[in-house]
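Reading the structure
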Amino acid sequence: MNSGQHKVKFEGLSRKSLPALSGAEGGGSILVTSNSFNTSGQLLASTQSTIIGSVPSVLSVDLYSYDALGEAVVSARDIDLDGQIDFIGPDVVSSNATEYVNLASAWWRESRRYAFPD
């Protein structure tokens, strides 16, 4: 592959793997990003792995959660690679809260962002 091209490989309906460009010449390493989606097409997890020779190794996993309206409310770097968003623990979690508030007879959209662990 040259630096301007990549191939997308679909694995079933819920996973897409995107191998990135090869590593240093002769290194034989490949970076792979695998994304998982829910039935609404929202991204649930993004996993980056490297394959050196024939040995795969997970580099990072990012997890996402949505509210009933489809708004992204939680994202996390899954440090312990357990596939769960841990608010108290090693994962680096950020959360978004959005609501509409009435101030002085006018409606405003208020957004807040939180980070865990604090």
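Bear in mind the structure is a predicted one, so any value in this text is a computation, not a measurement.

How each quantity is defined
- Residues numbered from 1 in each chain as written.
- Predicted model: local features only at pLDDT ≥ 70, side-chain atom pairs only at ≥ 80, totals over all residues.
- Heavy atoms only, no water.
- Salt bridge = Lys/Arg side-chain N within 4 Å of Asp/Glu carboxyl O.
- Helix = DSSP H or I, 4+ residues; strand = E, 2+ residues; numbered from the N terminus.
- Buried < 20%, exposed > 50% of the residue type's maximum accessible area, 1.4 Å probe, protein only.
- Phe/Tyr/Trp six-rings, centres within 6.5 Å; stacked < 30°, edge-to-face > 60°.
- pLDDT = per-residue confidence, 0-100.
- Contact = heavy atoms within 4.5 Å.

1. Notes on the pattern of salt bridges
Considering all chains together, one arrives at 4 salt bridges under this definition. Put simply, Asp62 and Arg77 hold a salt bridge, and the shortest N to O gap is 2.5 Å. Remark: Arg77 occurs in strand β6 (residues 72-77) and Asp62 occurs in strand β5 (residues 55-66); sequence separation between them is 15 residues. Owing to a relative accessible area of 16%, Asp62 belongs among the buried residues under this scheme. Where Glu99 meets Arg112, a salt bridge forms, and the shortest distance between an N and an O atom there is 3.1 Å. Of this pair, Glu99 sits in strand β7 (residues 92-103) while Arg112 sits in strand β8 (residues 106-116), and the two are 13 residues apart along the sequence. The class of Glu99 is partly exposed, set by a relative accessible area of 35%. Its relative accessible area of 31% is what places Arg112 among the partly exposed residues. Through salt bridges with shared partners, a single ionic network connects Glu99, Glu110 and Arg112.

2. Observations regarding unusual backbone geometry
One non-glycine residue, Leu81, adopts positive backbone phi at about 55°. Note on placement: Leu81 falls in the loop between β6 and β7. With a phi angle near 65°, Ser105 is a residue other than glycine that sits in the positive phi range. Here Ser105 lies in the loop between β7 and β8. For Ser105, a relative accessible area of 73% corresponds to the exposed category.

3. Regarding the packing of aromatic side chains
For the structure on display, the rule yields 1 aromatic pair. Taking the centre distance of 5.1 Å and the plane angle of 85° together, the rings of Phe87 and Phe116 count as edge-to-face. Of this pair, Phe87 sits in the loop between β6 and β7 while Phe116 sits in strand β8, and the two are 29 residues apart along the sequence.

4. As for the confidence of the model for the chain
Detailed reading of the predicted coordinates is not advisable wherever pLDDT falls low. For the chain, the mean per-residue pLDDT works out to 81, and 76% of the residues sit at or above 70. Across residues 1-14, confidence stays below pLDDT 50; counting only partners more than four residues off in sequence or on other chains, it has 23 contacts.

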